[in-house]
Amino acid sequence: MLQNSIIPSRIIALAIVISAGLLYPSCETKPNSAQETPSDSSTVSASNEQGNPLRAQASSIFASVSSIHTEQTDDQMVLLGKKLYSDTRLSKNQTISCASCHKLNKYGVDNLAFSPGDTKALGGRNSPSSFYASLHGMQFWDGRAKDVEEQAGGPILNPVEHNIPAKDFLEKRLRGCLKFIFLFC
């Protein structure tokens, strides 16, 4: 009985010793900030990448979002995009929107194994994150769309997701809404 209680503590002690041994070589002396002050962030990343080929490879693949140059955005288009993202009229039964599965307060996902659609039927996959979707290397889990513009029509016309039967069905619905808005403006 006494040996059984000792074994777990020996395993924990061994794990601590191994962890310390693995972490010790990664400790390095930091340069004195008064002696060496890089002038900009490119100098920092260049000095870090010289001795670390893995970091250099990762930096060439993953860029900071703030460093990516995009076309000038139109504030009106951004506002329209926000409205459409939450608009349930983009589903046949008007029960779901893009935001139903791509919840902005959950990093653009719904955290479900399979996402429910307009009729509450479950799709075959869960929703990928919509955060920074325009920067994703592929759209959909299988990469069948080249960009977000091509991707946007897929879920709307999918019979399980938004369940819109055809583009003209959606166009008539949205034009009807516009007529209603203009009558009361």
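Parameters and conventions
- Residues numbered from 1 in each chain as written.
- Predicted model: local features only at pLDDT ≥ 70, side-chain atom pairs only at ≥ 80, totals over all residues.
- Heavy atoms only, no water.
- Helix = DSSP H or I, 4+ residues; strand = E, 2+ residues; numbered from the N terminus.
- Buried < 20%, exposed > 50% of the residue type's maximum accessible area, 1.4 Å probe, protein only.
- Contact = heavy atoms within 4.5 Å.
- Phe/Tyr/Trp six-rings, centres within 6.5 Å; stacked < 30°, edge-to-face > 60°.
- Lys NZ or Arg CZ within 6 Å of the ring centre and 35° of its normal.
- Polar contact = N/O pair within 3.5 Å; in protein donor to acceptor, adjacent residues only side chain to side chain.
- Disulfide = S-S within 2.5 Å.

A. Examining the environment of V160 more closely. Relative to the helices and strands, V160 resides in the loop between α7 (153-157) and α8 (167-183). Taking the relative accessible area as the measure of exposure, V160 reaches 29% and is therefore partly exposed. Beyond its immediate chain neighbours, meaning those up to four positions away, V160 contacts G117, D118, A121, L122 and G123.

B. View of the packing of aromatic side chains. Scanning the model with the defined rule gives 1 aromatic pair in all. Ring centres 6.1 Å apart and planes at 70 degrees place the aromatic pair Y107 and F131 in the edge-to-face group. Of this pair, Y107 sits in the loop between α5 (98-101) and α6 (148-151) while F131 is found in the loop between α5 and α6, placing the two residues 24 residues apart along the sequence. When its relative accessible area of 62% is taken as the criterion, Y107 is described as exposed. Note on F131: relative accessible area 31%, which makes it partly exposed. Over the ring of F140 we find R144; its NZ or CZ atom is 3.8 Å from the centre of that ring.

C. Seen up close, unusual backbone geometry. For Y107, which is not glycine, the phi torsion reads 60 degrees and is therefore positive. Unusually for a residue other than glycine, Y132 sits at a positive phi of about 50 degrees. Here Y132 is to be found in the loop between α5 and α6.

D. Focus on the environment of S91. In this structure, S91 sits in the loop between α4 (75-85) and α5. Residues S91 and I156, spaced 65 residues apart in sequence, show a C-alpha to C-alpha distance of 6.7 Å. Leave out the neighbours within four places in its chain, and S91 touches I96, D118, H162, I164 and R173. A distance of 3.0 Å separates a polar atom in the side chain of S91 from the backbone oxygen of T88.

E. Representation of the state of the cysteines. Scanning the model with the defined rule gives 0 disulfides in all. Of the cysteine sulfurs around C98, a residue in no disulfide, the closest is that of C101, at 8.9 Å. C101 sits in the buried class, given a relative accessible area of 12%.

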